[in-house]
Amino acid sequence: MREALLYEKKPGLGVKCHVCQWRCSIAPDHTGVCRMYRNTGGTLYNLNYALASSIAVDPVEKKPLYHFYPGSQVFSLGSWGCNFHCPGCQNWQISCVDMAPPGRDSEEILPERAIQLALQNNCQGIAWTYNEPTIWFEYTLDCAKLARSRNLYTVYVTNGYMSPEALDVIGPYLDAWRVDVKGFSDEFYRRIARITRWRGILEVAELAKKKWKMHVEVVTNVVPGQNDDDEQLSGIARWIKESLGELTPWHVTRFYPQYQMNDLSPTPISTLEHAVEIGKKEGLKFVYIGNVPGHQGENTYCYQCGRLIIERMGYTVHISGLAGTKCKFCGADLNFRMR
């Protein structure tokens, strides 16, 4: 356990957590929504510090990040739990748990060892992913500080519900903010993530880009009959263009039935192709189809001259048209983050 960094003490040994936008008021001997912060005697503790459920060396494209150090390897770590409880969670085995109980397959990876493993495996960066990294906040902060000192890039793969205060603490040490925007309506977010103030996700993403100069990419997992209507898809695309910029990549990914949504079918590819059309109509220059290996919607094309810049087949990458961060054929800025 590790004492939380962002909380306030309340009368009667209560505490209020400020790590994420739930801002849970937690009575003694209870946990917050995420189950990973516990009030013990009026002190708030993080329960999963350095407890890893998942460890891998991944291509950065798996996050997915397509305009951030393309072709590089990233040391990826996940823990337990989440501050959302989505019925279609793709990683429900590690996210939809109360805590990491004795006997569960956890490995302690202290920050110094995480950085050492990243370097030993010839990774260019480190990512906190698989479950929600915000509820691993103290650990990811300690790792990010060390990573920055060793010239490793840092990535948060997040649902975006971190508090602005927490973002301001970790912001100086994060390079990429890969954020889910699951839908674009009050009703959808209440039903899927059980939250009401979902626009806070958008506000924090804007802070990540504008205040902390992070590279931002947005993912929407398109679920049949849930968030595949034109109104929500257009809303997401319009917000990206107006608030993050027209060169911000948007990934529209294929849903596969998981967890409590096994009654649905995988997203039709035609639905994803329609989402791409919507994104481009709203003015986005880079809209990608995800979870459909071999589809040309994985590739990067220059929006100005139309030439192929990066060809992708799943996580295999062939870079042919980059000159630094620009198109080598016509010089257009393609919004890549590189060394």
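Structure's up top.
Anyway, here's the lowdown on the structure attached to this text. It should be emphasised that the depicted structure is a prediction, and the values quoted were computed from it without experimental measurement. (Residues numbered from 1 in each chain as written. Predicted model: local features only at pLDDT ≥ 70, side-chain atom pairs only at ≥ 80, totals over all residues. Heavy atoms only, no water.)

## Focus: the sheet that holds strand 19 (residues 316–319)
Convention followed: The pairing criterion for strands is at least two bridges between them, as found by DSSP. Numbered from the N terminus, helices here are DSSP runs of H or I no shorter than four residues, and strands are runs of E no shorter than two.
What the 3 strands build is an open sheet, ordered 17-18-19; its pairing is antiparallel. At either margin of the open sheet sits one strand with a lone partner, and together these are strand 17 (300–301) and strand 19. Bridge analysis of strand 18 (residues 308–313) against strand 19 gives 4 bridges, and the strand direction is antiparallel. By the bridge assignment, Met-313 is partnered in strand 19 with Thr-316.

## A closer look at the pattern of salt bridges
Put simply, the rule is: What counts as a salt bridge is simple: a side-chain nitrogen of Lys or Arg found within 4 Å of a carboxyl oxygen of Asp or Glu. Partly exposed describes any residue whose relative accessible area lies between the buried limit of under 20% and the exposed limit of over 50%, with all areas from a 1.4 Å probe on protein chains only and scaled to the type maximum.
Applying the stated criterion across every chain, the model contains 12 salt bridges. Note that Lys-211 is salt-bridged to Asp-168, the shortest N-O span being 3.1 Å. With a gap of 43 residues between them, Lys-211 in the loop between helix 6 (199–210) and strand 14 (215–222) and Asp-168 in helix 4 (residues 164–170) connect regions that are remote in the sequence. When its relative accessible area of 30% is taken as the criterion, Asp-168 is described as partly exposed. A single network of salt bridges, built from pairs that share partners, joins Asp-58, Lys-62 and Lys-63.

## Considering helix 3 (residues 137–149)
Put simply, the rule reads: Given the number of residues in a helix, its expected span is that number minus one, multiplied by 1.5 Å.
A rise of 1.5 Å per residue sets the reference length of helix 3, with its 13 residues, at 18 Å; its end C-alpha atoms lie 19 Å apart and thus fit the reference within 8%. Asn-151 occupies a position one or two residues after helix 3 and carries a positive phi of about 65 degrees.

## Quick look at the nonpolar core
What counts, and what does not: Buried residues of nine kinds, namely Ala, Val, Leu, Ile, Met, Phe, Trp, Tyr and Cys, make up a nonpolar core once their side-chain atoms join them within 4.5 Å. When checking whether two residues touch, look at their non-hydrogen atoms; a contact exists if any pair is within 4.5 Å.
Judged by nonpolar contacts, the single largest core of 84 residues is most densely connected at Trp-128, Phe-137, Tyr-139, Trp-177 and Trp-250. Look past the residues within four positions of Trp-177 in its chain and what remains in contact with it is Tyr-156, Thr-158, Gly-160, Met-162, Leu-167, Val-204, Ala-205, Ala-208, Met-214, His-215, Val-216 and Glu-217. Ranked by size, the runner-up nonpolar core spans 12 residues in total, among them Tyr-66, Cys-302, Ile-310 and Phe-336.

## Details of helix 6
With 12 residues, helix 6 extends 17 Å from end C-alpha to end C-alpha; this agrees with the ideal 16 Å at 1.5 Å per step. Those residues of helix 6 lying buried are Gly-200, Ile-201, Leu-202, Val-204, Ala-205 and Ala-208. Packing partners of the buried residues in helix 6 comprise helix 4, strand 13 (176–180), helix 5 (186–192), strand 14 and helix 7 (230–244).

## Comments concerning unusual backbone geometry
A cis amide bond links Lys-63 to the next residue, Pro-64, at an omega of -10 degrees. As for its placement among the helices and strands, Pro-64 is situated in the loop between strand 8 (54–59) and strand 9 (73–78). If you check the backbone angles, Tyr-69 has positive phi at about 45 degrees while not being a glycine. Structurally, Tyr-69 can be placed in the loop between strand 8 and strand 9. Within the chain, Asn-151 stands out as a residue other than glycine whose phi angle is a positive 65 degrees. Here Asn-151 is to be found in the loop between helix 3 and strand 12 (153–158).

## Brief notes about the sheet that holds strand 4 (residues 25–26)
One open sheet holds the 3 strands; their spatial order is 2-3-4, and the pairing between them is antiparallel. Each end of this open sheet is capped by a strand with a single partner; those strands are strand 2 (7–9) and strand 4. Direction of pairing for strand 3 (residues 15–17) relative to strand 4: antiparallel, over a ladder of 2 bridges. Considered in strand 4, the bridge of Val-15 is made with Ile-26.

## Focus: the packing of aromatic side chains
Rules: Aromatic rings from Phe, Tyr and Trp, with only the six-membered ring used for Trp, were paired whenever their centres fell within 6.5 Å, and each pair was classed as stacked if the ring planes differed by under 30 degrees, edge-to-face if by over 60, and tilted otherwise.
Throughout the structure, instances matching the rule amount to 15 aromatic pairs. Note on Phe-68 and Tyr-153: the rings are 4.8 Å apart at their centroids and 80 degrees apart in plane angle, and the pair reads as edge-to-face. One end of the pair, Phe-68, is in the loop between strand 8 and strand 9; the other, Tyr-153, is in strand 12, and 85 residues separate them in sequence. In terms of burial, Phe-68 and Tyr-153 fall into one category: buried. Arranged with centres 5.9 Å apart and planes meeting at 80 degrees, the rings of Phe-286 and Tyr-303 form a pair that is edge-to-face. Of the two residues, Phe-286 sits in the loop between helix 8 (269–281) and strand 16 (287–290) while Tyr-303 sits in the loop between strand 17 and strand 18, which places them 17 residues apart along the sequence.

## As for the pairing of strand 6 (residues 43–46)
In this sheet, strand 6 lies alongside strand 1 (residues 2–3) in antiparallel orientation, the contact comprising 2 bridges. By the bridge assignment for strand 6, Arg-2 is matched with Asn-46. Bridge count between strand 5 (residues 37–40) and strand 6: 4 bridges; the pairing is antiparallel. Bridge pairing links Asn-39 to Leu-44 in strand 6. If you look at the hairpin formed by strand 5 and strand 6, you'll find 2 residues sitting between the two strands, and Gly-41 has a positive phi there, around 65 degrees.

## Here's the deal with the state of the cysteines
Cut-off, in case you're wondering: Here, two cysteine sulfur atoms that lie within 2.5 Å of each other are counted as a disulfide.
Inspection of the entire model under this criterion finds 0 disulfides. No disulfide involves Cys-34; its nearest neighbouring cysteine sulfur is the one of Cys-20, lying 6.6 Å away. Look at Cys-34 and you get buried, because its relative accessible area is 7%.

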